[in-house]
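Each chain, written out:
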Amino acid sequence: MVTTATNKLYLYFKYLGYTLLAISALCFLTTITGGNTINPVVWGMSGIGLLILGGLIAIVCSRLPKHVAHQNNGLWQKDLTSRGISAWALGILLTGFYILLYWFPETLQGLIVALEPFSQWLRNKPSDQWFLYGTFYTLAVMLMGVYALLKYRNNRYHLIRTCSVIFFQLGFAFILPGLLLAFNQPEFYFSYFWPLKYDYLFPSTVGYLIDNGQALGVFMVFWGAVLSFLATPVLTYFYGKRWYCSWVCGCGGLAETAGDPYRHLSDKSKKAWQWEVAIIYPILGFVIITTLLLWINSWSGGSLFGDLSGGFSRSYGFFIGSIFSGVVGVGFYPIMGNRVWCRFGCPMAAYLGILQKHFSRFRITTNGGQCISCGNCSTYCEMGIDVRWYAQQGEPIIRSSCVGCGICAHVCPRGVLKLENGPREGRYHGTTLIEREAVTILS
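This one's a predicted model, so the numbers in the text were calculated from it and none came from an experiment. (Residues numbered from 1 in each chain as written. Predicted model: local features only at pLDDT ≥ 70, side-chain atom pairs only at ≥ 80, totals over all residues. Heavy atoms only, no water.)

Novice: Would you explain the overall build of the protein chain in this entry?
Specialist: For the protein chain, the count of helices and strands is 18 helices and two strands. Against the 2.2 N^0.38 benchmark of 22 Å for 443 residues, the protein chain shows a C-alpha radius of gyration of 24 Å, consistent with a compact globule. Across its three principal axes, the protein chain shows a C-alpha extent of roughly 85 × 65 × 35 Å. Counting across all 443 residues of the protein chain, residues that qualify as buried make up 48%. Once local pairs closer than 6 in sequence are excluded, the contacts in the protein chain between residues at least 24 apart make up 75%. As presented, the protein chain carries roughly 21,200 Å² of accessible surface, and 68% of it is formed by carbon and sulfur atoms. Each charge class in the protein chain was averaged separately, 32 positive and 19 negative side chains, and the resulting centres sit 8 Å apart. (Helix = DSSP H or I, 4+ residues; strand = E, 2+ residues; numbered from the N terminus. Rg over C-alpha atoms; globule rule 2.2 N^0.38 Å. Buried < 20%, exposed > 50% of the residue type's maximum accessible area, 1.4 Å probe, protein only. Contact = heavy atoms within 4.5 Å. Areas by Shrake-Rupley, 256 points an atom, 1.4 Å probe, with all protein chains shown as cover. Lys, Arg positive; Asp, Glu negative; His and termini not counted. Charge placed at Lys NZ, Arg CZ, Asp CG, Glu CD.)

Novice: Looking at this model, I keep getting lost on the environment of I48. Mind explaining?
Specialist: Position of I48 among the secondary structure elements: in helix 2 (residues 40-63). Separated by 24 residues in the primary sequence, I48 and S24 place their C-alpha atoms 6.9 Å from one another. Sequence-distant contacts of I48, that is, excluding residues within four places in its chain, are made with F28, L115, F136 and L139.

Novice: Mind showing me how you'd approach a nonpolar patch on the surface here?
Specialist: Residues I99, L100, W103, F104, F318 and F319 make up a contiguous nonpolar surface patch of roughly 530 Å² in combined accessible area. The set of elements that each furnish at least two residues to the nonpolar patch consists of helix 3 (85-103) and helix 12 (308-331). With three residues, helix 3 is the largest single contributor of residues to the nonpolar patch. Position of F318 among the secondary structure elements: in helix 12. (Patch = residues over 30% accessible without salt bridge, like charges linked within 9 Å, V, L, I, M, F, W, Y side chains within 5 Å. Salt bridge = Lys/Arg side-chain N within 4 Å of Asp/Glu carboxyl O.)

Novice: Hey, could you run me through the layout of surface pockets in this one?
Specialist: Left-over empty space is what a probe sized like a water molecule reveals as it rolls over the atoms. Space inside the second largest pocket adds up to approximately 1,300 Å³. What lines the second largest pocket is a set of 44 residues, and nearest its centre among them are Y102, W130, Y133, Y189 and K197. With eight residues, the top contributor of residues to the lining of the second largest pocket is helix 12. Considering only residue class, the lining of the second largest pocket consists of 26 nonpolar, eleven polar and seven charged. (1 Å grid on protein atoms, 1.4 Å probe; cavity = no way out; pocket = protein on both sides within 12 Å on 5 of 7 lines; lining within 4 Å. Points joined across faces, edges and corners; volume = space filled by probe spheres on them. Nonpolar A, V, L, I, M, F, W, Y, C, P; charged D, E, K, R; others polar.)

Novice: Is there a simple way to think about the nonpolar core in this case?
Specialist: Generally speaking, nonpolar side chains in soluble globular proteins are found buried as a group. Core analysis: the biggest nonpolar cluster contains 57 residues, and L196, Y244, M348, V387 and L417 have the highest contact counts within it. Every element with two or more residues in this core is listed here: helix 8 (203-239), helix 9 (242-245), helix 11 (270-299), helix 12, helix 14 (340-344), helix 15 (347-359), helix 17 (387-393) and helix 18 (407-411). If you tally residues by element for this core, the top one is helix 15, at six residues. Sequence-distant contacts of Y244, defined by excluding residues within four places in its chain, comprise S191, Y192, F193, L196, C249, M348 and L352. Residues F28, I112, F136 and L150 belong to the second largest nonpolar core, which totals 31 residues. (Core = buried A, V, L, I, M, F, W, Y, C linked by side-chain atoms within 4.5 Å.)

Novice: Would you take a moment to explain the packing of helix 6 (residues 129-151) against helix 7 (residues 156-182) for this structure?
Specialist: Packed helices, taken two at a time, are described by the angle between their axes plus the distance between the axes. For the pair helix 6 and helix 7, interaxial distance at closest approach is 10 Å and the crossing angle is 165°. Taken together, the axes of helix 6 and helix 7 lie roughly antiparallel to each other. Seen from above, helix 6 lies across helix 7 with left-handed handedness. Between helix 6 and helix 7, the contacting residues are F131, G134, T135, Y137, T138, V141, M142, G145, A148 and L149 on the first element and L159, T162, C163, V165, I166, Q169, L170 and F174 on the second. Here the contact of helix 6 with helix 7 is composed, by residue class, of twelve nonpolar, six polar and no charged. (Axes fitted to C-alpha atoms, helices over the stretch in contact; angles between N-to-C directions. Parallel < 35°, antiparallel > 145°, perpendicular 65-115°, else oblique. Left-handed = near helix turned anticlockwise from the far one by under 90°.)

Novice: Mind showing me how you'd approach the side chain of R63 here?
Specialist: Locating R63 in the fold gives a position in helix 2. One buried charged side chain, R63, makes no salt bridge at all; its nearest oppositely charged neighbour is D260, positioned 7.0 Å away. Each residue touching R63, except ones within four places of it in the same chain, is listed here: Q71, K78, Y147, L150, K151 and R153.

Novice: What is the right way to read the pattern of salt bridges from this model?
Specialist: Should their charged atoms come close, side chains of opposite charge can pair. Evaluated as defined, the whole model comprises nine salt bridges. For E256, the salt bridge goes to R263, with nearest N and O atoms at 3.0 Å. The pair formed by E256 and R263 is uniform in burial state, with each residue classed as buried. Residues participating in the shared-partner salt-bridge network are K151, R161, E256, D260, R263, R339 and E382.

Novice: Explain unusual backbone geometry to me, please; I cannot follow it from the model alone.
Specialist: Of the consecutive residues W194 and P195, the connecting peptide bond is found in the cis state with omega at 10°. Assignment of secondary structure puts P195 in the loop between helix 7 and helix 8. For N124, which is not glycine, the phi torsion reads 55° and is therefore positive. In this structure, N124 sits in the loop between helix 5 (116-123) and helix 6.

Novice: Would you explain helix 2 in this entry?
Specialist: Think of an α-helix as 3.6 residues a turn; residues three or four steps apart then line up on the same face. Along its 24 residues, helix 2 runs 33 Å from first to last C-alpha, staying within 8% of the 34 Å computed at 1.5 Å per residue. Among the residues making up helix 2, those that are buried are P40, G44, G47, I48, G54, G55, I57, A58, I59, C61, S62 and R63. The N-capping residue of helix 2, defined by a side-chain oxygen 3.0 Å from the backbone nitrogen of V41, is N39. (Expected span 1.5 Å × (residues − 1). Polar contact = N/O pair within 3.5 Å; in protein donor to acceptor, adjacent residues only side chain to side chain.)

Novice: What am I meant to see in the packing of aromatic side chains here?
Specialist: The geometry of two aromatic rings is summed up by the distance between their centres and the angle between their planes. Per the stated rule, a full pass over the model turns up 30 aromatic pairs. Residues F97 and Y98 carry aromatic rings whose centres are separated by 6.1 Å and whose planes lie at 80° to one another, so their mutual orientation is edge-to-face. For F97, a relative accessible area of 23% translates into the label partly exposed. Arranged with centres 5.7 Å apart and planes meeting at 45°, the rings of Y102 and W130 form a pair that is tilted. Here the residue Y102 occupies a position in helix 3, and W130 occupies one in helix 6, the gap between them amounting to 28 residues. Here Y102 falls in the buried class, since its relative accessible area comes to 17%. Residue W130 is classed as partly exposed on the basis of its relative accessible area of 43%. (Phe/Tyr/Trp six-rings, centres within 6.5 Å; stacked < 30°, edge-to-face > 60°.)

Coordinates in, geometry out; function isn't part of it.
Take a look at the structure:
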């Protein structure tokens, strides 16, 4: 039992954390606007240091005093997590950052220069806008990973899952690509595959990797092809799409950590599901067609389509790669929930979803007789699935959009839901509900 005095101590330190975060924001603002009148490395690195220290203090002092059963209390009453003014302000700030990063990187030059020593140390290359993005992205996953570890500290599944997304983001999506550059090898992300990393199987990228990476480049192409066409179907057959979306993917990692406070904001309406189906599968089709066109054009020496296939590629990169996955996908976390990109736009999620629905052993079984219809499962489903409906019917949840994060089972007070990788036989069979007549004791 946490005493009142201890609670006060936690409160004081929480305010200290917020103060450090505010000073950190001022340091970043000075770094961006200071120009030649300041030392951007000192100001920028001070901002990062204060961000880490203040963030850790605020997170620990906010999560640790709360009982594990009370972690979601007040989410709909807090301005920042219920689409209040501060939520909109944060959404505008995130969206603005992405717009500046993609189309006006010179405005962030101060922050880019601030990371120059770190970039030289890790990559032996000058810092650029994408190194700035990768650094802050990884910091967000790690800091909010601590938040998730404390929030779900009584659940081994979520502890391991959170450590997994931190590991893959830090090791496979940040350090390893940097080390490859340091050794004059092509930059490559081993945790991203086609069709999410759509250009990894484009002829120009394959040619670049082989020409510049020699044997390692051949291995990179082989790795990408095997993961896309062999490992993905096999792993999805056994574990569903959760093996990637909730354990490995960097987009999913950010959603499960930094986006966790906003998972209840996902739209649960039928209309949202219709939009989801209408958007995500055409995007997957677009990636497949573009890839085929590029290879056909490459084999014909460019005589069939000229630059048309390249135009497809550039259009996808602008509308889907930049606007959808970045500006909307992350910038709208505080307004539309944490899985907007995964749910409506990610071609990898569409690919995995088809495999999960039709060729997988994975399902979430429900014990309908135990359900009390509290609705926690539906509320905290980040993919907008009406989990409660399935639970009430005693039907297993086999949905292509389910990322298997397991939060529905975690927040269920009756243990109704269970993530299973059972045999495919009987996969759609529900549990037998107890009929009213069966419990009548007066006849």
